[in-house]
Structures are given as C-alpha cells and as structure tokens.
Amino acid sequence: VRGYPSWGILTPEQQVVVRKFIKGRRVRDYGCGNLYLTLQLLALGARHVEAVDKDPVKVTPYLKDRLTFLHRAFSDCPPSIRTAFVSWPDNRDSGIHIPLRDATCIIYLGKNTDGMMCGTRTLWETLRRRRVLAHVPAKENDLIVYGTAKLTNRRLLPEEFASRTRDRWYSHEELHRPGARLGGTMKSNTRDIVEMLLDALNL
Ligand SMILES: C[S@@+](CC[C@H](N)C(=O)[O-])C[C@H]1O[C@@H](n2cnc3c(N)ncnc32)[C@H](O)[C@@H]1O
C-alpha cells in the first residue's frame, strides 16, 4: 500500500545509484514523512540527514548525531547547497521549489504515470532545466538524479514529459518503451508559463 511504510520505494538498482551520490555527504530529505526513506539514506551511507516535514515525527535519541529533524514548511527552510532527496513530492503547491533552488544535486523519486502525479509544474519547470546525472526507471517509481543547470536542449525523461502534459494519464509502459518520442527541454516555453500560472492558482 502506498504511503505505508512509505510512498517511495528504492529498488536494489536504485539503491546502488543513490549510494553513489550520498556516500559521506550531508543530505536534506524534503518531506520525510515517517522517516522510512531517511533511515534508508543513512543506511546507504549518508553522513548526516536533515529531514524536513511540516508534520511532526519522533527521532530516536541514538540517531541524534546523524539525523536532524526540521519541523517546518519547505518555504521556511533556508536554502541549501547540499544534496537534496525528494521522494513523492505533493502535487499541490508546497513551496518545495524555493529551498531546492540552490541544491547542487537533487535526487528525485516518484511516479507521474499510471494515475499518479508527483510534484507541481513549478517544481518540474526547475528540474527540467538541470542536467541528468542518472536515471533508473522502475514500475514502482523512477529515480532521477539531477545536477546543476543545463541551458541547452536535452531530451525529456518520461517523468518530465508526463509532468508537462497533464491533460491525460500515461501508462508506465507507454512512456518507457524504447524510442518513445517525448520531445526536448527547450520547447513549449509559453505552455510552461501558462501551466505555472495554473499551478499558482492551484487549478
Ligand atoms: C506523499 S508524502 C511523501 C513522504 C516520503 N518522502 C515518502 O516517500 O514516503 C509528502 C510529505 O511531504 C510533506 N509536506 C507536504 N507539504 C509540505 C510543506 N509545505 N512543508 C513541509 N512538508 C510538507 C508531507 O507532510 C508528507 O510527509
């Protein structure tokens, strides 16, 4: 069941990639929920995790050296250049894109196919501008590791395409089939602006 013990699921292949990007680093987990994935990040080698959520969660004292819980809204988080982990972000405006702006690396886990929708158009607008350091698709959810900005055109990933085209649902198979034509990041700028306005109005 989604949401218990967590929304995000890291497949063994995805765990290998996540480990590579967090090993020995300080990571900020945006929307940590019940800390299930936060603890997995620690088990995979993160040096320290700052877990953020608007809902309270209890942190066991023996983890206090490696885990800090920030009980606050994303919009109240100071910007951070740290590696950010974002699993199944809400699809209503949560302000998550604000502290994420300065992150040098964003590890996204989520699903925009099969009737699911993670993240707002505003969040996807910022993610699409970044370079892709790794992409590990899976039926359960896709893992995408983003680096810093890439100002030239690149191909859209299935999650990015589905986040932009919200007028219908796509199946995982449909968007992940070899040779699927999903377009590039530099197209449809007018459409992006219209979609961001709709986001701001929560429509
Ligand atoms: C769908 S859950 C995902 C939880 C976890 N990352 C996972 O994959 O299981 C989204 C989480 O984001 C938190 N959240 C939503 N909006 C937020 C906001 N504006 N500020 C802080 N946390 C927020 C929710 O409380 C919830 O725990």
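Refer to the preceding data block for the structure.
In what follows, the accompanying structure is described. This is a predicted model, so every value here is computed, not measured. (Residues numbered from 1 in each chain as written. Predicted model: local features only at pLDDT ≥ 70, side-chain atom pairs only at ≥ 80, totals over all residues. Heavy atoms only, no water.)

**Section: the nonpolar core**
The biggest cluster of nonpolar side chains holds 27 residues, and the ones touching the most others in it are Val 18, Ile 22, Leu 67, Ile 107 and Leu 143. The set of elements that each furnish at least two residues to this core consists of α1 (12-22), α2 (36-43), β2 (48-53), β3 (67-71), β5 (105-110), β6 (130-136) and β7 (142-149). Among the elements that take part in this core, α1 stands out by supplying four residues, more than any other. Within the second largest apolar cluster, 20 residues are counted, among which are Val 52, Leu 123, Tyr 146 and Leu 157. (Core = buried A, V, L, I, M, F, W, Y, C linked by side-chain atoms within 4.5 Å. Buried < 20%, exposed > 50% of the residue type's maximum accessible area, 1.4 Å probe, protein only. Helix = DSSP H or I, 4+ residues; strand = E, 2+ residues; numbered from the N terminus.)

**Let's talk about the site of the ligand**
The immediate surroundings of the ligand are formed by 16 residues, with Trp 7, Gly 31, Asp 53, Phe 74 and Ser 87 found nearest. Lys 54 places a main-chain nitrogen or oxygen 3.2 Å from a nitrogen atom of the ligand. Protein burial of the ligand: of its 590 Å² of free accessible surface, 87% is covered by the chains. Looking at the shell around the ligand, its residues break down into five nonpolar, six polar and five charged. (Near = heavy atom within 4 Å. Polar contact = N/O pair within 3.5 Å; in protein donor to acceptor, adjacent residues only side chain to side chain. Areas by Shrake-Rupley, 256 points an atom, 1.4 Å probe, with all protein chains shown as cover. Nonpolar A, V, L, I, M, F, W, Y, C, P; charged D, E, K, R; others polar.)

**Regarding the sheet that holds strand β4 (residues 83-87)**
Ordered by their spatial adjacency, seven strands build an open sheet running β3-β2-β1-β4-β5-β7-β6, and the pairing between neighbours is mixed. At either end of the open sheet lies a strand with only one pairing partner, and these are β3 and β6. For this sheet the average axis-to-axis angle between neighbouring strands, irrespective of direction, equals 20 degrees. This element, α2, spans β1 (26-30), β2, β3, β4 and β5 of the sheet and lies at about 170 degrees to β2. (Pairing = 2+ DSSP bridges. Axes fitted to C-alpha atoms, helices over the stretch in contact; angles between N-to-C directions. Contact = heavy atoms within 4.5 Å.)

**Concerning the pattern of salt bridges**
Across all of its chains, the model carries 10 salt bridges by this definition. For Arg 82, the salt bridge identified is with Glu 50, shortest N-O distance 3.1 Å. Of this pair, Arg 82 sits in the loop between β3 and β4 while Glu 50 sits in strand β2, and the two are 32 residues apart along the sequence. In this structure, Asp 114 and Lys 139 form a salt bridge, with 3.2 Å as the shortest nitrogen-oxygen distance. Here Asp 114 is found in the loop between β5 and α4 (121-128), whereas its partner Lys 139 is found in the loop between β6 and β7, with 25 residues between them in sequence. Relative accessible area serves as the criterion here: at 31%, Asp 114 is assigned to the partly exposed category. (Salt bridge = Lys/Arg side-chain N within 4 Å of Asp/Glu carboxyl O.)

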